[in-house]
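One letter stands for each residue in the lines below.
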Amino acid sequence: MQALDLLLERRSIANLVEPAPEGKALENIIKAGLRAPDHGNLTPWRFVIAQGEGLRKLADILVHAAEVNQSPDAVIEKLKKAPFRAPMVITVIAKVKEHEKVPALEQYLSAGCAAQAMQMAAVAQSFQGFWRSGEWMFHQEVHQAFGLEGEDQIVGFLYLGTPGCSAMKVPERNIGDYVSYL
Ligand SMILES: Cc1cc2nc3c(=O)[nH]c(=O)nc-3n(C[C@H](O)[C@H](O)[C@H](O)COP(=O)(O)O)c2cc1C
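As the structure is a computational prediction, the values presented were derived from the model and not from experiment.

## Concerning the confidence of the model for the protein
Summary statistics for the protein give a mean pLDDT of 97 and a share of 100% for residues scoring 70 or more. Here helix α1 (residues 3-9) is the element of the protein with the lowest mean pLDDT, 96, and strand β3 (residues 88-94) is the one with the highest, 99.

## Regarding the site of the ligand
If you check the shell around the ligand, you find R10, R11, S12, F130, W131, R132 and S133 and nothing else. A distance of 2.8 Å separates an oxygen atom of the ligand from a polar side-chain atom of R11. S12 has a polar side-chain atom sitting 2.5 Å from an oxygen atom of the ligand. Here the shell around the ligand is built from residues that sort into two nonpolar, two polar and three charged.

## As for a nonpolar patch on the surface
A surface patch of nonpolar side chains, about 560 Å² in accessible area, is lined by I175, Y178, V179 and Y181. Here I175 is to be found in the segment after β5 (153-163).

## Some thoughts on the nonpolar core
Membership of the largest hydrophobic core comes to 25 residues, with the highest contact counts inside it found for F47, I90, V92, M118 and L160. Among the secondary structure elements, those contributing two or more residues to this core are α2 (23-33), β2 (45-50), β3, α5 (104-124) and β5. Here the element with the most residues in this core is α5; it accounts for seven residues. Dropping the residues within four chain positions of it, V92 is found in contact with R46, F47, A111, A115, M118, Q153, I154, V155, G156 and L158. Core analysis: the next-biggest nonpolar cluster, separate from the first, contains 23 residues, L58, A65, W136 and Y159 among them.

## Thoughts on the environment of V17
Note that V17 resides in strand β1 (residues 16-17). Exposure remark for V17: the relative accessible area of 34% places this residue in the partly exposed category. For the pair V17 and Q128, spaced 111 residues apart in the sequence, the C-alpha separation amounts to 9.4 Å. Among all residues touching V17, those that are not within four sequence positions of it are P87, G161, T162, P163 and G164.

## Structural notes on α5
Here α5 contains 21 residues, and its C-alpha end-to-end distance of 30 Å stays within 8% of the 30 Å for a straight helix at 1.5 Å per residue. The first or second residue beyond α5 is S126, which carries a positive phi of 70°.

## Observations concerning the packing of helix α3 (residues 53-68) against helix α4 (residues 73-81)
Where α3 meets α4, the axes come as close as 8 Å, and the angle between the chain directions of the two elements is 165°. Classified by the angle between their axes, α3 and α4 sit roughly antiparallel to one another. Where α3 crosses over α4, the two elements pack in a sense that is right-handed. Of the residues in α4, those in contact with A59, L62, V63, A66 and E67 of α3 are I76, L79 and K80. Of the residues contributing to the contact of α3 with α4, the split by class is six nonpolar, no polar and two charged.

## Let's talk about the pattern of salt bridges
Under the criterion given, the structure shown has seven salt bridges. A salt bridge links R56 to E53; the shortest N-O distance between them is 2.4 Å. On the criterion of helical spacing, the pair formed by R56 and E53 is a turn pair, its members being three residues apart in helix α3. Its relative accessible area of 36% is what places R56 among the partly exposed residues. The class for E53 is partly exposed, based on a relative accessible area of 45%. A salt bridge links D152 to K95; the nearest nitrogen and oxygen atoms lie 2.6 Å apart. Note that D152 is positioned in the loop between α6 (140-145) and β5 and K95 in the loop between β3 and α5, a separation of 57 residues in sequence. Through salt bridges with shared partners, a single ionic network connects K24, E27 and K31.

Conventions and cut-offs
- Residues numbered from 1 in each chain as written.
- Predicted model: local features only at pLDDT ≥ 70, side-chain atom pairs only at ≥ 80, totals over all residues.
- Heavy atoms only, no water.
- pLDDT = per-residue confidence, 0-100.
- Helix = DSSP H or I, 4+ residues; strand = E, 2+ residues; numbered from the N terminus.
- Near = heavy atom within 4 Å.
- Polar contact = N/O pair within 3.5 Å; in protein donor to acceptor, adjacent residues only side chain to side chain.
- Nonpolar A, V, L, I, M, F, W, Y, C, P; charged D, E, K, R; others polar.
- Patch = residues over 30% accessible without salt bridge, like charges linked within 9 Å, V, L, I, M, F, W, Y side chains within 5 Å.
- Areas by Shrake-Rupley, 256 points an atom, 1.4 Å probe, with all protein chains shown as cover.
- Salt bridge = Lys/Arg side-chain N within 4 Å of Asp/Glu carboxyl O.
- Core = buried A, V, L, I, M, F, W, Y, C linked by side-chain atoms within 4.5 Å.
- Buried < 20%, exposed > 50% of the residue type's maximum accessible area, 1.4 Å probe, protein only.
- Contact = heavy atoms within 4.5 Å.
- Expected span 1.5 Å × (residues − 1).
- Axes fitted to C-alpha atoms, helices over the stretch in contact; angles between N-to-C directions.
- Parallel < 35°, antiparallel > 145°, perpendicular 65-115°, else oblique.
- Left-handed = near helix turned anticlockwise from the far one by under 90°.

As structure tokens, then:
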């Protein structure tokens, strides 16, 4: 796939089935994440890959947080199943380092770019991805389970797999609605 086509035509697909990327394809996805723009060369990213038993562990982490919150049963039942919507989930973490010129916000943005780059690398290799978030990625118990400290933050759960359906059409957007010139 040409780079510009990928940029112009990328869509997310939530319907993700086996197989998940593995071997060289997975390595390329991670390496793409490691090419995210990075002010100060802080490498403020950690990627935690879950598949198979890992998906159950991720569900357990989310369910535990919901139980601590005394969430309704319906929420807990949903969380038990949530990670199994794809054969692989990569938890994308901004590991924030103190730096006089690079505030935490820039490091969160860098981790967000890493998530996008990994999704792009998945699509470029005929896999697909869907970036998810939700209140649980801000929860203290979830942070503890992933070893987060200080200003570290989970910026998303990148669901990855093989597309289970075709992508929706790219929405028409009028450039003029979003762009102005000084
Ligand atoms: C930081 C972030 C978090 C997101 N979290 C969710 C989410 O929890 N649930 C969801 O349905 N979509 C979420 N999305 C949006 C989808 O990943 C996707 O971008 C959206 O459905 C539009 O599809 P497209 O990427 O094909 O334009 C999130 C996007 C971003 C950037």
